[in-house]
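So you can see what is in the structure, the chains are spelled out below.
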Amino acid sequence: MDKYQRNKINTGLVLNEFSTLEAYDKALRFYLQDEFFVQLKEYLDNNDFEMAKDALKGLYILAGDFKLFPLYESLLEIYQDLLEEEYRYLDERYEAMKSIHTALSEDFL
């Protein structure tokens, strides 16, 4: 199983948007190092939910653009919880998202 299959990335969809997988990988490496992945935890820990929503919005939009659907859904769950002011699952949702991000980072960074 290659890194795309392992991370549930549909290369057919990717190649509709990117000229080559190498171009995709390069852009994805930049995205995975986005400082908002680190800052998001700080925002949540400090109850700075407005900044967390701003960070999440950018991250989930780009996750969708990169066809990273498990990451997209995970980020969107956190965002939705913040919109609905449902805070009790934030820690576990963050950890689930971080696990997906870590797996992607291990394969693409």
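The structure under discussion appears in the preceding block.
A few points on the structure. (Residues numbered from 1 in each chain as written. Predicted model: local features only at pLDDT ≥ 70, side-chain atom pairs only at ≥ 80, totals over all residues. Heavy atoms only, no water.)

A closer look at the overall build of the chain
At step 1: Across its full length, the chain carries seven helices and zero strands.
At step 2: Secondary structure elements of the chain, listed N to C terminal, follow the sequence α-α-α-α-α-α-α.
At step 3: Here the chain has a C-alpha radius of gyration of 14 Å; the compact-globule value for 109 residues is 13 Å, and the two agree.
At step 4: Residues counted as buried form 37% of the 109 residues belonging to the chain.
At step 5: For the chain, the share of sequence-separated contacts (at least 6 apart) that also reach a separation of at least 24 residues comes to 60%. (Helix = DSSP H or I, 4+ residues; strand = E, 2+ residues; numbered from the N terminus. Rg over C-alpha atoms; globule rule 2.2 N^0.38 Å. Buried < 20%, exposed > 50% of the residue type's maximum accessible area, 1.4 Å probe, protein only. Contact = heavy atoms within 4.5 Å.)

Re the nonpolar core
At step 1: Counting residues in each nonpolar core, the largest one holds 31 residues, and the members touching the most others are Tyr24, Tyr31, Leu68, Leu71 and Leu75.
At step 2: Looking at which element gives the most residues to this core, the answer is helix H5 (residues 49-65), with seven residues.
At step 3: Beyond its immediate stretch of four places on either side in the chain, Leu71 contacts Tyr31, Phe37, Ala63, Met97, Ile100, His101 and Leu104. (Core = buried A, V, L, I, M, F, W, Y, C linked by side-chain atoms within 4.5 Å.)

Let's talk about the environment of Glu77
At step 1: With respect to the secondary-structure elements, Glu77 resides in helix H6 (residues 69-83).
At step 2: A relative accessible area of 40% places Glu77 in the partly exposed class.

What to know about helix H3 (residues 21-32)
At step 1: If you check H3, its first and last C-alpha atoms are 16 Å apart, about what twelve residues at 1.5 Å a residue would give, namely 16 Å.
At step 2: Among all positions of H3, only Tyr24, Asp25, Leu28, Tyr31 and Leu32 are buried. With its buried residues spanning 120° around the axis, H3 presents them on a single face. In H3, the exposed positions angled more than 90 degrees off the buried face are occupied by Glu22, Lys26 and Phe30.
At step 3: On its buried side, H3 packs onto helix H1 (3-6), helix H2 (11-17), helix H4 (36-45), H5, H6 and helix H7 (90-108). (Expected span 1.5 Å × (residues − 1). Arc of directions from axis to C-beta.)

What to know about the packing of H3 against H7
At step 1: The geometry of H3 relative to H7 is characterised by a closest axis approach of 10 Å and an angle of 135° between their N-to-C directions. Looking at the two axes, H3 sits oblique to H7. Crossing handedness for the pair H3 and H7: left-handed. Along the contact surface, H3 presents Asp25, Leu28, Arg29 and Leu32, while H7 presents His101, Leu104, Ser105 and Phe108.
At step 2: Tallied by class, the residues present in the contact of H3 with H7 amount to four nonpolar, two polar and two charged. (Axes fitted to C-alpha atoms, helices over the stretch in contact; angles between N-to-C directions. Parallel < 35°, antiparallel > 145°, perpendicular 65-115°, else oblique. Left-handed = near helix turned anticlockwise from the far one by under 90°. Nonpolar A, V, L, I, M, F, W, Y, C, P; charged D, E, K, R; others polar.)

Concerning the packing of H4 against H7
At step 1: For the pair H4 and H7, the least separation of the axes is 11 Å and the interaxial angle reads 170°. What the angle tells us is that H4 and H7 run roughly antiparallel. Contacts from Phe37, Leu40, Lys41 and Leu44 in H4 reach Leu90, Asp91, Tyr94, Glu95, Met97 and His101 in H7.
At step 2: Taken together, the residues of the contact of H4 with H7 break down into six nonpolar, one polar and three charged.

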